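Take a look at the letters that make up each chain.
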Amino acid sequence: MPKAFDKGFRWVTDPSVQAEDEPDTPKESAENEPAVEASPAPKKAPVQGTGQPNQGTISAWRPARSEPVINFVDSLIATAVNEGASDIHIEPREKELHVRLRIDGVLFQKPAPPIKMHPAIISRLKILANLDISERRLPQDGRIRANVSGKKVDLRISMLPLSHGEKCVIRVLDSSAISVGLEKLGMSDKTLEAFRSEILQPHGIVLVTGPTGSGKSTTLYSALQVMDGTSLNICTVEDPVEYDLASINQVQVHESIGMTFAAALRSLLRQDPDTIMVGEIRDEETARVAVQAALTGHLVLSTLHTNDAPSSITRLVDIGIESYLISAAVNGALAQRLLRRICEHCKEPMTTVPESTTAYLEKYSDQTGQLYCGTGCEICRNTGYKGRIGIYELLVLNQELRDIITRTPSLGDLKAAAKNQGMRTLRDDGLAKAFQGLTTVDELIRITES
Ligand SMILES: [Zn+2]
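Notes on the structure in this doc start here.

1. Some thoughts on the overall build of the protein chain
Helices and strands together make up the secondary structure of the protein chain, namely 16 helices and 16 strands. Residue burial in the protein chain is summarised as follows: out of 450 residues, 51% are buried. The contacts in the protein chain between residues at least 6 apart in sequence include a share of 69% that link residues at least 24 apart. For the protein chain, the exposed surface amounts to about 20200 Å²; the carbon and sulfur share of it is 49%.

2. Observations regarding the nonpolar core
Ranked by internal contacts, the top residues of the largest apolar core, which has 54 residues, are Ile205, Ile313, Leu316 and Leu395. Sort the elements by how many residues they give to this core and helix 9 (residues 284-295) lands first, with 6 residues. Not counting the four nearest positions on each side in its chain, Leu395 is found in contact with Ala309, Pro310, Ile313, Asn331, Gly332, Ala333, Leu401, Ala418 and Met423. Formed by 34 residues, the second largest nonpolar core is a distinct cluster that contains Phe108, Ala120, Leu131 and Val153.

3. Topic: the pairing of strand 11 (residues 275-278)
Neither face of strand 11 is exposed, since Thr275 and Met277 on one face and Ile276 and Val278 on the opposite face are all buried. Bridge analysis of strand 11 against strand 12 (residues 299-304) gives 4 bridges, and the strand direction is parallel. Following the sheet pairing, Met277 is matched in strand 12 by Leu301.

4. Description of the coordination of the zinc ion
In the first shell of the zinc ion, the protein supplies Cys343 (SG), Cys346 (SG), Cys377 (SG) and Cys380 (SG), at 2.3 Å from the metal. Around the zinc ion sit 4 donor atoms; with metal-centred angles ranging over 105 to 115°, the donor geometry is tetrahedral. In terms of primary sequence, the donors binding the zinc ion are separated according to C-x2-C-x30-C-x2-C. A single burial state applies to Cys377 and to Cys380, both of which are buried.

5. Some words on the pattern of salt bridges
Across all of its chains, the model carries 21 salt bridges by this definition. Two residues, Arg266 and Glu285, come together in a salt bridge whose shortest N-O distance is 3.2 Å. Taken together, the residues Arg266 in helix 8 (residues 261-269) and Glu285 in helix 9 connect sequence positions 19 residues apart. On the basis of relative accessibility, which here comes to 37%, the residue Arg266 falls in the partly exposed class.

6. Here we look at helix 16 (residues 441-448)
Those residues of helix 16 not exposed but buried are Val441, Glu443 and Leu444. The buried residues of helix 16 occupy an angular sector of 155° when projected down its axis, which confines them to one face.

7. Thoughts on the packing of helix 12 (residues 355-364) against helix 16
Their axes nearest at 9 Å, the elements helix 12 and helix 16 cross at an angle of 75°. Judged on the interaxial angle alone, helix 16 and helix 12 are roughly perpendicular. Counting all contacts with helix 12, which are made through Ser356, Thr357, Tyr360 and Leu361, the residues of helix 16 involved are Val441, Asp442, Leu444, Ile445 and Thr448. Its residues placed into classes, the contact of helix 12 with helix 16 shows 5 nonpolar, 3 polar and 1 charged.

8. Quick notes on the packing of aromatic side chains
Enumeration over the complete set of coordinates arrives at 2 aromatic pairs. When the ring of Tyr221 is compared with that of Tyr243, the centres are 5.6 Å apart and the planes differ by 85°; the resulting orientation is edge-to-face. Of this pair, Tyr221 sits in helix 7 (residues 216-226) while Tyr243 sits in the loop between strand 9 (234-238) and strand 10 (249-252), and the two are 22 residues apart along the sequence. Tyr243 carries the same exposure label as Tyr221, and that label is buried. Over the ring of Tyr372 we find Lys347; its NZ or CZ atom is 5.1 Å from the centre of that ring. In this structure, Arg427 is placed above the aromatic ring of Tyr364, and the distance from its NZ or CZ to the ring centre is 3.4 Å.

9. Topic: unusual backbone geometry
It is generally the case that most residues other than glycine have a negative phi and that most peptide bonds are trans. Pro240 follows Asp239 through a cis peptide bond whose omega is -5°. Along the chain, Pro240 falls in the loop between strand 9 and strand 10. You will see that Asn130, though not glycine, has its phi angle at about 65°, which is positive. Structurally, Asn130 can be placed in the loop between helix 4 (118-128) and strand 5 (140-148). Taking the relative accessible area as the measure of exposure, Asn130 reaches 3% and is therefore buried.

10. So, the environment of Gln250
Looking at the secondary structure, you find Gln250 in strand 10. Taking the relative accessible area as the measure of exposure, Gln250 reaches 23% and is therefore partly exposed. For the pair formed by Gln250 and Cys235, sequence separation is 15 residues and the distance between their alpha carbons is 5.7 Å. Beyond its immediate stretch of four places on either side in the chain, Gln250 contacts Tyr221, Thr236, Glu238, Val241, Tyr243, Asp244 and Leu245. Only 2.7 Å separates the side chain of Gln250 from the backbone oxygen of Tyr243, close enough to count as a polar contact.

11. Looking at the environment of Phe72
Relative to the elements of secondary structure, Phe72 occurs in helix 3 (residues 68-82). For Phe72, a relative accessible area of 1% corresponds to the buried category. Considering only alpha carbons, one finds Phe72 and Met117, 45 residues apart in sequence, at a separation of 9.8 Å.

12. Details of helix 10 (residues 309-319)
Within helix 10, 8 of the 11 residues are buried, leaving the element largely enclosed by the surrounding structure. Listed as buried for helix 10 are Ala309, Pro310, Ser311, Ser312, Ile313, Thr314, Leu316 and Ile319. Directly after helix 10, the chain includes Gly320, whose backbone phi takes a positive value near 125°.

Each value, and the rule that gives it
Residues numbered from 1 in each chain as written. Predicted model: local features only at pLDDT ≥ 70, side-chain atom pairs only at ≥ 80, totals over all residues. Heavy atoms only, no water. Helix = DSSP H or I, 4+ residues; strand = E, 2+ residues; numbered from the N terminus. Buried < 20%, exposed > 50% of the residue type's maximum accessible area, 1.4 Å probe, protein only. Contact = heavy atoms within 4.5 Å. Areas by Shrake-Rupley, 256 points an atom, 1.4 Å probe, with all protein chains shown as cover. Core = buried A, V, L, I, M, F, W, Y, C linked by side-chain atoms within 4.5 Å. Pairing = 2+ DSSP bridges. Donors = N, O, S within 2.8 Å, 3.2 Å for Na, K, Ca; no water. Tetrahedral: all angles 85-135°; square planar, octahedral: opposite > 155°, others 65-115°. Salt bridge = Lys/Arg side-chain N within 4 Å of Asp/Glu carboxyl O. Arc of directions from axis to C-beta. Axes fitted to C-alpha atoms, helices over the stretch in contact; angles between N-to-C directions. Parallel < 35°, antiparallel > 145°, perpendicular 65-115°, else oblique. Nonpolar A, V, L, I, M, F, W, Y, C, P; charged D, E, K, R; others polar. Phe/Tyr/Trp six-rings, centres within 6.5 Å; stacked < 30°, edge-to-face > 60°. Lys NZ or Arg CZ within 6 Å of the ring centre and 35° of its normal. Polar contact = N/O pair within 3.5 Å; in protein donor to acceptor, adjacent residues only side chain to side chain.

None of the figures reported here should be taken as evidence of function without further support.
What follows is the structure, given as structure tokens:
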């Protein structure tokens, strides 16, 4: 079991849960669940998506009742938050329980309690998230708000029944992590200046693109924070609304009742918006409304899943938008990835460069200079990396590019034209950051060449 958790830990949960006097000794087997189940409080329907989070305050830290289950759950969450994990996985296998944390994009195994504690751990989490603890055959989603060492943390709980019991994945949404500010995301000065000028345009579409987990939301939230929420009507359509932003109107998508991205966007357009952030453009309908919004004097920020910036243009063509509309509506596209940052505590100049790095440099770079790596220390769990830094590729549409797009170009044409105009690719930016000693070429290869 992990070491005793931080006493600064405090649950923020439903007053009704408090009233029932906390889970009555969640013991180490499923047989004890009915006792908890019989309590009146968590009888609500399963919370779906971003259903109502628990509100109110109780202190779950009760040394007098040093329950193994309560302690384990509290300690696990405190550890995850303190180590900067983005996700916690609690996975039942046939004979043992696995607990893993995702830190800087990579999963790490943690010491786990015996498998017999698994049902009680799951029940404990369900109670905290206001889920139906008697339902073990269907997936459930919920939300917990917790306070860990004075830090407000939102936890998204997802339960999925597997062959050996329910697997729980907890996404840790740390609101302090998104208010980092545009200038701290790791953009080069030139990219930052150009991107800032794109998001301060009065109208047009600015796309942020990359795979899941590449930091697109953080970039968009940081962009919204640059804008003046007092003099502008800034609205977002999200699925789910991940972070609450001050002075911004956030709309939650509910596909099941017809509140799709496109429907929400259409309604927002009747709400006198200036800037609209659309969580994601996934279909033609949403893309079309976004284009119309951009062409009628609104600034639209959104994300796509493409590998690079020029591909976001051809993706819109593939979705079904006419190229002359794309050419007129889109201002720019930013592709991004997150690379692990070399640990500052064990960083050293590289004396021998791995073969993979040499081969990559020969192929793609004419730059020379000192490269660095982390040798591994306690602070970085011996990985040599601590924290992450973004690499960026910004495509800004000028008249020449717009003309090319109107002619429905191939991706190759577009990439060539963008490069001719000096667009710095993800690879260029990653290599520059490796030579600045911020990351390694190995990490660049791992993230961009797979
Ligand atoms: Zn280190």
